[in-house]
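# A look at the structure
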Amino acid sequence: MSTNLVQQLSEQDLPTHHLFNIFSKVRLMLIAGLLLLPQLLAAQWNATVGAESNDLGRQALAFLPNEIWVHAGDSITWTVTAAEPHTVTFLTDGQIRPPFNVGCPGFSAGSATFDGTSCITTGILSKGEKFTVVFPVTGNFKLVCLIHEDMTGIVHVLAPSQPLPHDQEFYDRLAQTESGALLADRDAAKPKHRHSHNGVAVGGGEIVATGAGSDTLSVMRFNDPVITVHAGETVEWTNEDSVTTHTVTFGTEPQDPFPPSPNVTVDPDGARHGVLNSTSDSVHSGFLQAAPQDRVGLAQASPEVTRFRVTFSKPGIYPYICALHDGLGMKGKVVVLP
Ligand SMILES: [Cu+2]
């Protein structure tokens, strides 16, 4: 082949070369596009954590909604909308539930990815704080709050080829309906047992079952915030909430609210009992809480203390708080007449 002919052939080839170049560019762009597509198509979903009445006294301890269907690659942003603190936590199957202050161990802030193989949790989230979770793989993942035991949900992560049953608008409406129903529940605030005429119900709660677990309403109030008795009489407080812990605290708040103050004794029926001889004295019930639900495969939980009695020997006005929920307005007063 002569040099001339080679030159001629390559000149003939020129347009083909040019076309090939364009195609390869387009093909590269397509490949890049396909690689980026999941990210471009990944949806961002929104949900809320907690809800409350205007006076903060009624707290919905719930993921609203507590069941969401998304595609692999999608993310969900949870926003806390109540003054009661919560966590957004995904534990792994079989993992022992850790205390909220320990975390997974450790905490994620802002955002995290959950694929079921290692747990993720926020620390305590305050009102207005957000947490985003990306779900890269399919699966059905349980969502919990490490502070409130009967506050659970499920995220169903489907393959992108599967249709999703609901859109964001549906979830927004569902969240509103669920929080409205929880906060409007009036049974929780009604004292269920009256053991004495000087009895005060401490809080009150109801667990509402859903297809994805449970939502809880807790009433963060003393049902008789002002009670009047005579000197020498005893007032009895009973925590009627099976989920939420409360305290009855007169005077100085202890550093550690878990144990009762040293001047508290135990009555034969297990109730704690203190005596106040002066309005400047302090006495603290420690945590008043119900025993947890039993479950097959777990050790039997011992009865917990839900009841606290205080005998008032001298007249006066004795203000008290729940050391855990005074910020929500959980305060009371005992007026002791001569
Ligand atoms: Cu409380």
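Residues numbered from 1 in each chain as written. Predicted model: local features only at pLDDT ≥ 70, side-chain atom pairs only at ≥ 80, totals over all residues. Heavy atoms only, no water.

### Here's the deal with the nonpolar core
Nonpolar side chains tend toward joint burial in soluble globular proteins. We apply this condition: Throughout this description, the term nonpolar core refers to a set of buried Ala, Val, Leu, Ile, Met, Phe, Trp, Tyr and Cys residues connected via side-chain atoms within 4.5 Å. Buried residues are those whose accessible area, probed at 1.4 Å on protein chains only, stays under 20% of the maximum for their type, while exposed residues exceed 50% and partly exposed ones sit between those limits. Helical segments are the DSSP runs of H or I of at least four residues, strand segments are the runs of E of at least two, and each set is numbered from the N terminus.
If you look at the biggest cluster of nonpolar residues, it comprises 28 residues, and the most contacted ones within it are Ile 76, Trp 78, Val 88, Phe 90 and Phe 135. For this core, the elements supplying multiple residues, two or more each, are β1 (44-52), β2 (58-64), β3 (67-71), β4 (75-80), β8 (130-134), β9 (139-144) and β10 (152-158). Within the second largest apolar cluster, 25 residues are counted, among which are Phe 222, Val 229, Leu 288 and Cys 322.

### Comments concerning the pairing of β3
Note the following rule: A pair of strands is treated as paired once DSSP finds two or more bridges between them.
Counting buried positions over the five residues of β3 gives four, a clear majority of the element. Pairing analysis gives five bridges linking β3 to β10, with the strands arranged parallel. The residue of β10 that forms the bridge with Glu 67 is Ile 154.

### Comments concerning unusual backbone geometry
In most cases, non-glycine residues show a negative phi, while peptide bonds are predominantly trans. A cis amide bond links Leu 64 to the next residue, Pro 65, at an omega of -5°. With respect to the helices and strands, Pro 65 occurs in the loop between β2 and β3. Between Cys 104 and the following residue, Pro 105, the backbone shows a cis peptide bond with an omega angle of 10°. Take Pro 105: it is sitting in the loop between β5 (89-90) and β6 (111-113). Despite not being glycine, Leu 56 shows a phi value in the positive range, around 70°. Relative to the elements of secondary structure, Leu 56 occurs in the loop between β1 and β2.

### Focus: the sheet that holds strand β12 (residues 205-210)
Test applied: Every angle, taken between N-to-C directions, lies between 0 and 180 degrees, and every axis is a line fitted to C-alpha atoms, over only the stretch in contact when it is a helix. In this description, contact between two residues means that some pair of their heavy atoms is separated by no more than 4.5 Å.
Sheet architecture is open: seven strands sit in the order β6-β8-β4-β1-β2-β13-β12, paired in mixed fashion. Only two strands of the sheet have a single partner each, and these edge strands are β6 and β12. The average angle at which neighbouring strand axes cross in this sheet is 20°, direction not considered. Where β1 meets β2, four bridges bridge the pair, whose relative direction is antiparallel. For Thr 48, the partnering residue across the bridge sits in β2 and is Leu 64. Across the sheet, helix α2 (residues 168-184) lies against β1, β2, β12 and β13 (213-219), angled at about 150° from β2, the strand it touches most.

### Here's the deal with the state of the cysteines
This is how it is decided: Throughout, disulfides are identified as pairs of cysteine sulfur atoms within 2.5 Å of each other.
Within the structure shown, the criterion is met by one disulfide. Each disulfide pairs two cysteine sulfurs, and for Cys 104 the partner residue is Cys 119, the sulfurs being separated by 2.2 Å. One end of the pair, Cys 104, is in the loop between β5 and β6; the other, Cys 119, is in the loop between β6 and β7 (120-121), with 15 residues separating them in the sequence. According to the relative accessible area criterion, Cys 104 is buried, its value standing at 12%.

### Focus: the packing of aromatic side chains
Which entries qualify depends on this criterion: Each pair of aromatic rings taken from Phe, Tyr and Trp, with Trp reduced to its six-membered ring, is defined by centres within 6.5 Å and is described as stacked if the planes are under 30 degrees apart, edge-to-face if over 60, and tilted in the remaining cases.
All chains considered together, the criterion is met by 15 aromatic pairs. Note on Trp 237 and Phe 250: the rings are 5.7 Å apart at their centroids and 70° apart in plane angle, and the pair reads as edge-to-face. On the criterion of sequence distance, the pair formed by Trp 237 in strand β15 (residues 234-239) and Phe 250 in strand β16 (residues 249-250) is long-range, its members being 13 residues apart. No difference in accessibility class separates Trp 237 from Phe 250, as the two residues are buried.

### Focus: the environment of Leu 143
For Leu 143, the location among the structural elements is in strand β9. On the accessibility criterion, Leu 143 (2% relative accessible area) is buried. Counting along the chain gives 10 residues from Leu 143 to Gly 153, while the straight-line C-alpha distance between them is 4.8 Å. If we skip the residues at most four places from it in the chain, Leu 143 touches Phe 63, Trp 78, Val 88, Thr 89, Phe 90, Met 151, Thr 152 and Gly 153.

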